[in-house]
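Observations on the three-dimensional arrangement
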Amino acid sequence: MTEITTYETLQAALNALAPELADRAAEMEDARRLPADLAGKMAAAGAFRMMTPKTYGGLELTAREFIEGVEQIARANASAGWCSMIACTTSMNAAYMAPDMATEIYAEPLTITGGVFAPMGRADVEGDGYRVSGRWQWGSGSANCSWLAGGCMVFEDGELKRLPSGAPDQRMMVFPASEATLHDTWHVMGLKGTGSGDLSVDNIFVPVARSVSLITDVPRETGPLYTFPAFGLLSLGVSAVAMGNARASLDAFKDLASAKKSQGSKKTLAERQTIQASFAEAEAQWRAARAYMMAELDETWAVALGVKPGEGIPVERRAALRMACTHMTRTGADICRTLYDLGGGASLFESSDLQRRFRDAHAMTQHIVTAPATWELTGRLLLDLPTDGGMV
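For the structure given in this document, a descriptive report is provided here. None of these values were measured; they are calculated from a predicted model. Per-chain numbering applies: the sequence of each chain, read as written, is numbered from 1 onward. It should be noted that, the model being predicted, local features are given only for residues of pLDDT at least 70 and side-chain atom pairs only at 80 or more, the latter also being counted only at that level, while totals for whole chains, interfaces and linings use all residues. Computation of side-chain values covers all heavy atoms of the structure but excludes hydrogens and water.

**Side note on the overall build of the protein**
Stated precisely, the cut-off is as follows: Runs of H or I in DSSP of at least four residues are treated as helices and runs of E of at least two as strands, each being numbered from the N terminus. Based on C-alpha atoms, the radius of gyration is set beside the globule rule, defined as 2.2 Å times the residue count to the power 0.38. Throughout this description, buried means an accessible area under 20% of the type-specific maximum (1.4 Å probe, protein chains only), exposed means over 50%, and partly exposed covers the range between. It only takes one pair of heavy atoms within 4.5 Å for two residues to be counted as in contact. For accessible areas, the Shrake-Rupley method is used with a probe of radius 1.4 Å. Any residue's cover is judged against the shown protein chains and nothing else. Under this rule, positive means Lys or Arg and negative means Asp or Glu; His and the chain ends count for nothing. Here the site of a charge means NZ on Lys, CZ on Arg, CG on Asp, or CD on Glu.
Across its full length, the protein carries 12 helices and eight strands. In summary, the protein has a C-alpha radius of gyration of 21 Å against a globular reference of 21 Å for 392 residues, a match within 12%. Taken along the three principal axes of its C-alpha coordinates, the protein extends 75 × 50 × 40 Å. For the protein, the residues scored as buried account for 56% of the 392 residues in total. Put simply, 73% of the contacts in the protein that link residues at least 6 apart link residues at least 24 apart. Element-wise, carbon and sulfur atoms account for 53% of the exposed surface of the protein, whose accessible area totals about 16800 Å². Seen as two clouds, the 36 positive and the 46 negative side-chain charges of the protein have centres 7 Å apart.

**Remarks on the packing of helix H8 (residues 230–259) against helix H9 (residues 273–306)**
Packed helix pairs are characterised by how far apart their axes lie and by the angle those axes make with each other. Under the convention used in this document: Between N-to-C directions, angles span 0 to 180 degrees; the directions come from axes that are lines fitted to C-alpha atoms, helices contributing only their stretch in contact. In this scheme, roughly parallel covers angles under 35 degrees and roughly antiparallel covers those over 145, while 65 to 115 is roughly perpendicular and the rest are oblique. Should the near helix be turned anticlockwise from the far one by less than a right angle, the crossing is left-handed, and should it be turned clockwise, the crossing is right-handed. Three classes are used: nonpolar for Ala, Val, Leu, Ile, Met, Phe, Trp, Tyr, Cys and Pro, charged for Asp, Glu, Lys and Arg, and polar for all others, with Gly counted as polar.
Contact geometry for H8 and H9: axes closest at 11 Å, N-to-C directions at 160 degrees. With respect to H9, the element H8 is oriented roughly antiparallel. When the axes of H8 and H9 are compared, the crossing they make is left-handed. Along the contact surface, H8 presents Leu236, Ser239, Met243, Ala246, Arg247, Leu250, Phe253 and Lys254, while H9 presents Ile275, Phe279, Ala282, Glu283, Trp286, Arg290, Met293, Met294 and Leu297. A per-class count over the contact of H8 with H9 returns 12 nonpolar, one polar and four charged.

**What about the side chain of Arg356?**
Following the sequence through the fold, Arg356 ends up in helix H11 (residues 353–364). Arg356 has contacts with Ala25 and Glu29, leaving out every residue within four places of it along the chain.

**Here's the deal with a nonpolar patch on the surface**
Filter applied, for reference: Surface patches are defined over residues having more than 30% relative accessible area and no salt bridge, joining like charges when they lie within 9 Å and nonpolar side chains (Val, Leu, Ile, Met, Phe, Trp, Tyr) when within 5 Å. Salt bridges, as used here, are contacts in which a Lys or Arg side-chain nitrogen is within 4 Å of a carboxyl oxygen on Asp or Glu.
Taken together, the side chains of Leu382, Leu383 and Leu385 define a hydrophobic patch exposed on the protein surface, amounting to about 320 Å² of accessible area. Looking at where Leu383 falls in the secondary structure, it is placed in the segment after helix H12 (373–382). A relative accessible area of 63% places Leu383 in the exposed class.

**Concerning the packing of helix H1 (residues 7–23) against helix H3 (residues 36–44)**
At a closest axis distance of 11 Å, the pairing of H1 and H3 adopts a crossing angle of 160 degrees. Looking at the two axes, H1 sits roughly antiparallel to H3. Between H1 and H3 lies a crossing whose hand is left-handed. Across the interface between the two elements, Leu17, Glu20 and Leu21 of H1 pack against Asp37, Leu38, Lys41 and Met42 of H3. Looking at side-chain class alone, the contact of H1 with H3 contains four nonpolar, no polar and three charged residues.

**Focus: the pattern of salt bridges**
Inspection of the entire model under this criterion finds 23 salt bridges. Here Glu296 and Arg317 are joined by a salt bridge, their closest N and O atoms 2.9 Å apart. With Glu296 in helix H9 and Arg317 in helix H10 (residues 315–342), the pair connects residues that are 21 residues apart, well separated along the chain. Pair check on accessibility: Glu296 and Arg317 agree, each one buried. For Glu299, the salt bridge identified is with Arg317, shortest N-O distance 3.6 Å.

**Details of H9**
This is how the line gets drawn: Helix span, as expected, comes to 1.5 Å for every residue beyond the first.
Compared with the 50 Å implied by 1.5 Å per residue over 34 residues, the 50 Å span of H9 between its first and last C-alpha is a close match. Turning to H9, its buried residues number three or more, namely Ile275, Ala282, Glu283, Trp286, Ala289, Met293, Met294, Glu296, Leu297, Thr300, Trp301 and Ala304. Buried residues along H9 sit in contact with helix H4 (63–76), helix H7 (224–227), H8 and H10.

**Section: empty space enclosed by the protein**
The condition that has to hold: For cavity detection a 1 Å grid was placed over the protein atoms alone, and a set of points counts as a cavity when a 1.4 Å probe fits there but cannot get out; an open set counts as a pocket when protein lies on both sides within 12 Å along at least five of seven lines, with lining residues being those that have an atom within 4 Å of a point. Grid points are joined across faces, edges and corners, and a volume is the space filled by probe spheres set on the points.
Scanning the entire structure with this criterion turns up three cavities of 30 Å³ or more. Lining the largest cavity are Leu34, Phe48, Cys83, Ile86, Ala87, Ile112, Thr113, Ser140, Gly141, Asn144 and Cys145. For the lining of the largest cavity, the element with the highest residue contribution is helix H5 (residues 78–90), accounting for three residues. Counted by class, the lining of the largest cavity contains seven nonpolar, four polar and no charged residues.

**Observations concerning unusual backbone geometry**
Although it is not a glycine, Trp138 sits at a positive phi angle of roughly 65 degrees. For Leu191, which is not glycine, the phi torsion reads 50 degrees and is therefore positive.

**Quick look at the pairing of strand E2 (residues 129–136)**
As a reminder, the rule being used: A pair of strands is considered paired only if DSSP assigns at least 2 bridges between the two.
Where strand E1 (residues 113–126) and E2 come together, six bridges link them in antiparallel fashion. Paired with Glu126 across the bridge in E2 is Gly129. Hairpin connection from E1 to E2: two residues lie between these consecutive antiparallel strands, with Gly127 at a positive phi of about 60 degrees. Here seven bridges tie E2 to strand E7 (residues 198–207), and the two strands are oriented antiparallel to one another. Each bridged residue has a counterpart across the sheet, and for Gly129 the counterpart in E7 is Pro207.

Right under this line is the structure:
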């Protein structure tokens, strides 16, 4: 297999893998996780190293290339795209760590990392590290990971540490997957193949050098990818999966409409005027949402190129990007719902791609970075109301 060192070689490898990702969708849903052999093939194709710094052998793509790569995978299989997105965004921790620690964790080409940002754990300061316990939901792809991370509230001498702003101090704790327990809790409607069950650790020690704060720490890597807002990249990742999933739903409906005839009719669905109009509207919605998100992405990237290390990107620009991501994710779900309806009874069968795309799309809308609460957060900023912009 060609070594994956550029965006072009990544695209070629992902294109070659796409048919298998699509063909094994039902298998993934039955297993409720990404099969280990398929995860290995994705790793070899570079699907998990799009955001890993070049310092450690990663691709360190531009933000646009990253979401196009995830979109490409999700178009074949949304659960696979989701696992890729999670592994890539967690690998950004490498940009914040000391080189020796980052090398140990991220330099191996086939390494897969995962984890949960939400601070569901507790980390008590102990010497040159933390004593960590916690249980985290939504550990996507964890079964295939060699390293995991979990967000924690930080305590010292039994008291919750706070930042100068008054907000709780929280950090991502990175630990070997062998120190975690995976719980079989992933019994869900959509994104069934992601294996996003709970993970937990009990009283493990994590050195300070293996902890990261995406809020207060300054990345050691100085490339624009790491100047770009971290929560913006996570939002883009979720939206990229939604974008690829909705595109695949449009493609699946086109194939169905060209062949299916309603009972008692000699016309295919594609030959019916109401179907033609609804399909064109759904296509326009997808193109508009994608164009809007790409425009906000490109503008934010341009700002990131000019920002000096440690400065950060203005909150108004970060909010504009988050709005576009939320719009794409939720529009993608609306499109999948429309096409599921238009497919009629044929959409109901497990053999139909439309029903799975519909379920997956609505699972994505539940992620916190593109959930309805994002509208409130960004709306406060648009209305010039006092807002904590740390999570934007």
